[in-house]
Each structure stands twice: as structure tokens, then as C-alpha cells.
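# Survey of secondary and tertiary structure
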Amino acid sequence: MRIPDEDKVTFGQGLIPLSDEIAAAILLTLEAGWEIATAYPEVHADAGEVEITERLRDGMRQALDRNEFQWRREMTVLPGTESRSRPEILTPDGRTDIPILMSEIRLKFQVHDPHAIIECKRIAGNHASLCRLYVISGIDRFQTGQYGRNHRVAFMVGYLISGQAAAAVSGINRYLTGKGRQEQHLEPSNIIKEPCTWESDHPRAGSSSIELYHAFFRLKAASS
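Residues numbered from 1 in each chain as written. Predicted model: local features only at pLDDT ≥ 70, side-chain atom pairs only at ≥ 80, totals over all residues. Heavy atoms only, no water.

## Quick look at unusual backbone geometry
The cut-off we apply is this: Here a strand is any run of E in DSSP of at least two residues, a helix any run of H or I of at least four, and the numbering for each starts at the N terminus. Exposure categories follow from relative accessible area, calculated using a 1.4 Å probe and restricted to protein chains: below 20% of the type maximum is buried, above 50% is exposed, and the middle band is partly exposed.
Residues E194 and P195 are joined by a peptide bond in cis, for which omega reads -5°. Here P195 shows up in the loop between β7 (187-189) and β8 (197-204). Positive phi outside glycine occurs at Q110, with the angle close to 55°. Among the secondary structure elements, Q110 is positioned in the loop between α3 (103-109) and β5 (116-123). The exposure class assigned to Q110 is partly exposed, which follows from its relative accessible area of 40%.

## Overview of the pairing of β5
Note the cut-off: The rule for pairing is simple: two strands pair if DSSP sees at least two bridges between them. Every crossover in which the path from the first strand over the helix to the second runs clockwise, viewed with the strands pointing away from the viewer, is termed right-handed.
Burial analysis of β5 places seven of its eight residues in the buried class, the great majority of the element. Pairing of β5 with strand β6 (residues 153-160) involves six bridges; the strand directions are parallel. Counted as the bridge partner of I123 is L160 from β6. Handedness of the crossover is the feature at issue here: the chain leaves β5, passes through helix α4 (residues 128-143), returns alongside β6, and the resulting connection is right-handed.

## Comments concerning the packing of aromatic side chains
Where we set the bar: Side-chain rings of Phe, Tyr and Trp (the six-membered ring for Trp) are treated as a pair once their centres are within 6.5 Å; stacked means planes under 30 degrees apart, edge-to-face means over 60, and tilted covers the remaining angles. A ring has a charge above it when a Lys NZ or an Arg CZ is no more than 6 Å from the ring centre and no more than 35 degrees off the ring normal.
By the definition in use, this model includes seven aromatic pairs. Ring geometry for W34 and F217: centres 5.1 Å apart, planes at 15°, overall stacked. Here the residue W34 occupies a position in helix α1 (residues 20-37), and F217 occupies one in strand β9 (residues 207-218), the gap between them amounting to 183 residues. For the pair W34 and F217, a shared accessibility class is recorded, and that class is buried. These aromatic residues form a ring-pair network of at least three members: W34, Y159 and F217. Residue placement shows R55 over the ring face of Y40; its charged tip is 4.0 Å from the ring centre.

## Focus on the pattern of salt bridges
We apply this condition: The rule for a salt bridge is simple: a side-chain nitrogen of Lys or Arg has to be within 4 Å of a carboxyl oxygen of Asp or Glu.
Summed over the entire model, instances satisfying the criterion amount to seven salt bridges. With a shortest N-O distance of 3.0 Å, R55 and E42 are connected by a salt bridge. Residue R55 is located in helix α2 (residues 49-66), and its partner E42 is located in the loop between α1 and α2; the two are separated by 13 residues in the primary sequence. Overall, E42 belongs to the partly exposed group, its relative accessible area being 32%.

## Looking at the pairing of strand β4 (residues 98-102)
The buried fraction of β4 amounts to five of the five residues, a majority that puts the element mostly inside the structure. Burial along β4 is two-sided: I98, I100 and M102 and P99 and L101, pointing in opposite directions, are all buried. Note that β4 and β5 share three bridges and pair antiparallel. Each bridged residue has a counterpart across the sheet, and for I100 the counterpart in β5 is A116.

Below you can see the structure in the form of C-alpha cells.
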């Protein structure tokens, strides 16, 4: 797997490189993990984000063990951890849902912290409050640097409690438009052929912008 050639980066300095190839590998591992996660009875539309995310993490790990992915020995799916947005902060100010470690990046750039972060949210296009939370408790945490301050690329997963992915994207974009952030709209991505993914770009104060990839997964109805 190709690791970008960049200057050495350290905690709180520089930006961790992430090639399109690695981003695609993360998205494909997410998809394979979701297929496994949906078999668990705890994964349904009435379940909480934490329970669903734990099963998604389990599924991603099993997918790396089961599949002949080229990157299966390079990628580590870590448990959710408390994080510090800046090195001078001693009390963690965030908790990441699914951190990803790539062994070659760890060895090449001596970066101990996760090299990618996946933030997970429940979502539905007709649910304005969930669309709002997807932005303010997801996108904005990356934009402000609370999550992934030294990352160029990050990921979000939307758990669809109802409706389709396109409707959820429309709801999120509608909220962004209402805040005058049209240039940050989610747009279709061609980084992988299937499943459909979206991408967005968000400016950061005093640094380059952060690129987000978005995947949306449909939840089954709760058992009666």
C-alpha cells in the first residue's frame, strides 16, 4: 500500500498523510464490517450509537481477519479512546468512535496517535435535529480540530434509522445551507465504485482544510 512521501510529522505538528488508496481501504473495510455487524441482534434502528458502533468495530476487525484484503496486516481497528486535541492539554477533550492505525505510517513517520478517525452518528433526512447533530457533533469536531487536528482526511458514518442515504445527504446539506456553508456541502465521491460514498471539504483556521468521507448504512427495524 502506497504511503505518501511527506516530511516527518509528530504529535501536534504537521499533518498526517493519507493517500486515496488508504482512504479507499478504510471505506471498503467499513462496508465489509457493516455487513457482519448487521447480523447482530443489537444492531437496529432503535439501538443507541454506542452499541451500534461497538458492533461495527467488531465487524471491521472480523472483516480484516476473514478477507484477503491487501491491507489486512497493515490496518488496526482500535477501540474508542479519549483524545487530546492539542499536546498542551492534559485532560482529554474528546472521545473518538473508531480510530484507525496504519503500521507503515506509524513506522515511517513515528506517529503514535491514530492516523484516521471515524465518527459515527444516527441520521435520517426527515429528522432535522439529527441532521443538525451530524454537523455540530460530527463535522464541526473535525473542522475545529477537536478531532484529528493533525489529519488531512477523516471519516464519518451515518446510521440510517429511516429513509435513504440521498435523503440524509440532502438533510445535512440543507442544514449547512441554512448556516451559509454551501461550499461545505456533501458531494458524491468516486474514491470507490461501491458502495456510494460522499465527500466534503471544511476549512480550518490557520491551517489547510480537512477532507471528510461519508458512508451511510441502513439499519434494520427493531424486533417486535
